[in-house]
Amino acid sequence: MSPLSALRRSIAIASALAFLGGCGTGTINYVHVDSSYDPTSLAHIPYTGPLYADVSGNPFGIPQDDLQRLVNDAIQPSSAKAETGQGVRVHFAFGPTAADRSSACSMVGTPQMSKTISVVAALCRGGGSATTYLVGSVDDISGPSDPRFENFLRQVTVQLFPRMDPNRDTPCFLPTC
C-alpha cells in the first residue's frame, strides 16, 4: 500500500470513528469494569434481555412508578419480553454524578429537575456490588417522552455490558485483529 493510500485510509477511519461517536445521545463520562465481568456470558444481554431496571431519583417530577416503567420499557431489547422484576438487574440513580463500586448498586438518586440529567448506572450482581458502572449525563431533554431520553437510557444500558473487558483486553479497530 502506498503512503498516500495509507494516509487516505487513516483519514477515512478517523472520520468514521468521529461520525459514529457523534451518533450517541448524551455523554458517558466514566465507565468502570470490575475484573469479575465476563464478556463471554454477559455482553449479549442488552441485545437479548430481559433486563430489569431498579430506578432511584426522578428528573421529571412524574410518579416514580411511571418513571420506573418508562426506564424498563426503554432499556429492553426489541425482542425481549419485558415483565416487571425479570432479567438481569441494572440500577439507575438519577441526580448523582459520582460513584464507587461499593455504592453504585445502592446509590440513591435525587428528585431534581434541570437542563442536565445526570445518572449513575450499574450492572448489579448478588450482594449488591457492581460488576460494571458508569456515570453519564444528557442535556436539553424536553420530558419523559422525549425520544432522546429513551435513546440515552438504551445507550447507557448497552455500555454497561461491554463486548470486551477494557481492563484486560486491548481494543482493535482493524479488520485483521
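Owing to the predicted nature of the structure, the values given are computational and were not obtained by experimental measurement.

We now examine the overall build of the protein chain. Tallying secondary structure elements over the protein chain gives 5 helices and 5 strands in all. Along the protein chain, helices (α) and strands (β) appear in the sequence α-β-α-α-β-α-β-β-β-α when read from the amino end. If you take every contact in the protein chain between residues at least 6 apart in sequence, the share linking residues at least 24 apart comes to 69%. Summing over all exposed atoms, the protein chain offers an accessible surface of approximately 9,600 Å²; the carbon and sulfur share of this is 56%.

Residue Pro50 follows Gly49 across a cis peptide bond; omega there is -5°. The residue Pro50 is located in the loop between helix H3 (45-48) and strand E2 (51-56) in this model. For Asp140, which is not glycine, the phi torsion reads 55° and is therefore positive. Mapped onto the elements, Asp140 comes out in the loop between strand E5 (130-139) and helix H5 (147-159).

Using the criterion set out here, one finds 4 salt bridges in the structure. Asp34 is the partner of Arg125 in a salt bridge, and the nearest nitrogen-oxygen pair spans 3.7 Å. Taken as a pair, Arg125 in the loop between strand E4 (116-124) and E5 and Asp34 in the loop between strand E1 (27-33) and helix H2 (39-42) lie far apart in primary sequence, 91 residues in all. Here Arg89 makes a salt bridge to Asp54, at a shortest N to O gap of 2.8 Å. On the criterion of sequence distance, the pair formed by Arg89 in strand E3 (residues 88-94) and Asp54 in strand E2 is long-range, its members being 35 residues apart. Assessed through its relative accessible area of 24%, Asp54 is described here as partly exposed.

This part takes up the confidence of the model for the protein chain. In low-pLDDT segments, the atomic positions of the prediction should not be examined closely. Model confidence for the protein chain is summarised by a mean pLDDT of 79, while 72% of its residues fall at 70 or above. Element-level mean pLDDT values for the protein chain span from 42 in helix H1 (residues 3-21) up to 96 in H5.

Moving on, we come to the nonpolar core. If you look at the biggest cluster of nonpolar residues, it comprises 31 residues, and the most contacted ones within it are Val71, Phe92, Phe94, Leu153 and Phe161. Elements that contribute at least two residues to this core include exactly E1, E2, helix H4 (64-75), E3, E4, E5 and H5. If you tally residues by element for this core, the top one is H4, at 5 residues. Beyond its immediate chain neighbours, meaning those up to four positions away, Leu153 contacts Leu70, Val71, Ala74, Ile75, Phe92 and Phe94. Judged by nonpolar contacts, the second largest core, of 6 residues, contains Ala104, Cys105, Cys124 and Ala130.

Mapped onto the secondary structure, Arg154 falls in helix H5. Aside from chain neighbours lying at most four places away, what touches Arg154 is Pro46, Tyr47, Leu51, Ala74, Ile75, Gln76 and Pro77.

Quick notes on the rules
Residues numbered from 1 in each chain as written. Predicted model: local features only at pLDDT ≥ 70, side-chain atom pairs only at ≥ 80, totals over all residues. Heavy atoms only, no water. Helix = DSSP H or I, 4+ residues; strand = E, 2+ residues; numbered from the N terminus. Contact = heavy atoms within 4.5 Å. Areas by Shrake-Rupley, 256 points an atom, 1.4 Å probe, with all protein chains shown as cover. Salt bridge = Lys/Arg side-chain N within 4 Å of Asp/Glu carboxyl O. Buried < 20%, exposed > 50% of the residue type's maximum accessible area, 1.4 Å probe, protein only. pLDDT = per-residue confidence, 0-100. Core = buried A, V, L, I, M, F, W, Y, C linked by side-chain atoms within 4.5 Å.

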